Amino acid sequence: MPISSTIMSSILYSGPETTAKQIEDAFKEFTARENIAIVLISQYVANMIRFLVDSYNMPIPAILEIPSKDQPYDPAHDSVLSRVKYLFSSESVASGRR
Amino acid sequence: MGEEEEGGGGKETKKSSENGKGSTEENQQEEEHVLKFLDSMDSYLVLMESLSSTLRQGWLELASARHSMGTSRVNGALFDLKYHSAATSLEINHDDAGSMTEQPHFMLCKWESPTNQKCCPGESKFEEDDLLWRKSNNQQLRHRGSSQYSEIQETRPESDGSPPTVDTQVQKERSKSLSMFGTLVSPKLRAAQLSFETALETLVEVANMRSSILCAYDQVQKELDST
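The name given to chain B in an unreviewed UniProt entry is Vacuolar ATPase assembly protein VMA22, with Ilex paraguariensis as the source organism.

By the naming in an unreviewed UniProt entry, chain A goes by V-type proton ATPase subunit F and is assigned to Ilex paraguariensis.

Below, the structure is given as structure tokens:
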């Protein structure tokens, strides 16, 4: 049975016909709601709205990128770890200045 | 005049040593922040690996349950799509890591009911779930009229001091959540439930580690900008 994209209060099922715009709208809605503390998003879905996920920097709700059945977790695409890589690269520049 | 010069020289020496101590303390604090940041990162990676493994296990068990029970009995079409009160909720406490930073701390409250207010911190109780998981995976004959979980409750030592009524209530809540799949469900389905419960606890730990990373990152970034 194909999974269609429907928003069920606090769940968005993302299927083959789900557009990036729908995912983006759901992400903005979930991150704006006060009764949501953690947003779980499959990493391959997060890659479709990578610009939005990486630009999000609020502590609550926490955005956690999780693996899906078909797509394993890739640390290279994780938004938190991407920010960390930037810190390491800036640190090497700073040590060069000293 | 010589004594005044010596006094002036003494004050300068004292001031430079105080500055030296202050800079040493600052360096030490910076190093602590960096260590905290690296530790948080390492823990985050380990937890994500553990989460991937637990989810994989849960999906495999769910697939096994679907195979043994039939696809019509383990299906998304069984969801009634009505609003239900949450059996598990999340609490947020704000820890003051410093005067400038506020680090949220997530706590999972599992199987909440009016008679069972049970909140587990991010450090989950793996022992109980691990024991149940092992028992469900053992190749044992099932006895009609008794569940594996009631046998486990009788044999488990009450070393943690928790009252047996709370555990019975948790088991009832677990069985209630599986009731949508029928009265008699496959042990693999119960095992899948436990795996996803463990995954949920791991997710809360990941969330706490994420906030720790971001807090330490902000502190390290501020120190870098000040140099």
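This is not the end of the story, as more comes after the structure.
Q: Before we move on, can you summarise the overall build of chain B with the specific residues and values?
A: What chain B contains, in helices and strands, is 5 helices and 2 strands. Reading chain B from its N end, one meets helices and strands in the order α-β-β-α-α-α-α. With 227 residues in all, chain B has 35% of them scored as buried. In chain B, once contacts between residues fewer than 6 apart in sequence are set aside, the share between residues at least 24 apart is 67%. Accessible surface, chain B: about 14,300 Å² in total, of which carbon and sulfur atoms supply 53%.

Q: Give a detailed account of the overall build of chain A, specifying residues and quantitative values.
A: Assigned secondary structure in chain A consists of 4 helices and 4 strands. N-terminal to C-terminal, the α/β element order of chain A is β-β-α-β-α-α-β-α. Taking all 98 residues of chain A together, 39% fall into the buried category. Pairs at least 24 residues apart make up 49% of the contacts formed inside chain A by residues separated by at least 6 positions. When the accessible surface of chain A is totalled, it reaches about 5,700 Å², and 58% of it is carbon and sulfur.

Q: Can you explain the interface of chain A and chain B? Please cite residues and give values.
A: Each partner contributes residues to the interface: chain A has 30 residues there, and chain B has 28 residues. Of the roughly 2,600 Å² buried between chain A and chain B, counting both surfaces, carbon and sulfur atoms make up 79%. Inspection of the chain A/chain B interface yields 0 salt bridges. At the junction of chain A and chain B, the tally comes to 2 residue pairs in polar contact (both at pLDDT 80 or more). Elements that contribute at least two residues to the side of chain A that touches chain B include exactly strand E3 (38-42), strand E4 (62-66) and helix H4 (79-97) of chain A. No other element matches H4(A), which puts 9 residues into the side of chain A that touches chain B.

Q: Can you explain a nonpolar patch on the surface? Please cite residues and give values.
A: Taken together, the side chains of Ile11(A), Tyr13(A), Leu78(B), Phe79(B), Leu81(B) and Met180(B) define a hydrophobic patch exposed on the protein surface, amounting to about 520 Å² of accessible area. For Ile11(A), a relative accessible area of 34% gives the class partly exposed.

Q: So what's going on with the nonpolar core? Residues and values would help.
A: Of all hydrophobic cores here, the largest spans 28 residues; its most connected members are Ile38(A), Phe37(B), Tyr44(B), Leu51(B), Phe106(B) and Ile213(B). Of all the secondary-structure elements, those providing two or more residues to this core are E4 and H4 of chain A together with helix H1 (2-69), strand E2 (103-109) and helix H5 (187-226) of chain B. Filtering out sequence-adjacent residues up to four positions away, Ile213(B) remains in contact with Val80(A), Val84(A), Phe37(B), Ser40(B), Met41(B) and Tyr44(B). Phe30(A), Val39(A), Ala46(A) and Ile49(A) belong to the second largest nonpolar core, which has 14 residues in total.

Q: Would you mind going over the side chain of Gln43(A) in detail, with residue names and values included?
A: Assignment of secondary structure puts Gln43(A) in helix H2 (residues 43-46). Beyond its immediate sequence surroundings of up to four residues, Gln43(A) is in contact with Arg50(A), Glu65(A), Ile66(A), Pro72(A), Tyr73(A), Asp74(A), His77(A) and Asp78(A).

Q: I'd like a description of the pattern of salt bridges, backed by residues and values.
A: Residue and element names in this part refer to chain A. Enumeration over the complete set of coordinates arrives at 8 salt bridges over all chains. Between Lys28 and Glu24 there is a salt bridge; the shortest N-O distance is 3.2 Å. Taken together, the positions of Lys28 and Glu24, both in helix H1 (residues 20-32) and 4 residues apart, correspond to about one turn of that helix. We classify Lys28 as partly exposed; its relative accessible area is 42%. Salt-bridge contacts for Arg50 lead to Glu65; the nearest nitrogen and oxygen are separated by 2.8 Å. Taken together, the residues Arg50 in helix H3 (residues 50-55) and Glu65 in strand E4 connect sequence positions 15 residues apart.

Q: Run through the confidence of the model for chain B, naming residues and quoting values.
A: Residues and elements named next belong to chain B. Per-residue confidence for chain B averages 74 on the pLDDT scale, and 63% of its residues sit at or above 70. Looking over chain B, one finds the lowest element-wise mean pLDDT in helix H3 (residues 148-155), namely 42, and the highest in H5, namely 91. Contacts from residues 114-118, a stretch scored under 50 in pLDDT, to residues over four places away or in other chains number 13 contacts. Every residue in residues 120-159 is under pLDDT 50, and counting partners more than four places away or in other chains gives 60 contacts. On the interface metric, ipTM, the complex scores 0.81, and its pTM is 0.72.

Each value, and the rule that gives it
Residues numbered from 1 in each chain as written. Chains lettered and ligands numbered in written order. Predicted model: local features only at pLDDT ≥ 70, side-chain atom pairs only at ≥ 80, totals over all residues. Heavy atoms only, no water. Helix = DSSP H or I, 4+ residues; strand = E, 2+ residues; numbered from the N terminus. Buried < 20%, exposed > 50% of the residue type's maximum accessible area, 1.4 Å probe, protein only. Contact = heavy atoms within 4.5 Å. Areas by Shrake-Rupley, 256 points an atom, 1.4 Å probe, with all protein chains shown as cover. Buried area = accessible area lost by both parts, 1.4 Å probe. Salt bridge = Lys/Arg side-chain N within 4 Å of Asp/Glu carboxyl O. Polar contact = N/O pair within 3.5 Å; in protein donor to acceptor, adjacent residues only side chain to side chain. Patch = residues over 30% accessible without salt bridge, like charges linked within 9 Å, V, L, I, M, F, W, Y side chains within 5 Å. Core = buried A, V, L, I, M, F, W, Y, C linked by side-chain atoms within 4.5 Å. pLDDT = per-residue confidence, 0-100.

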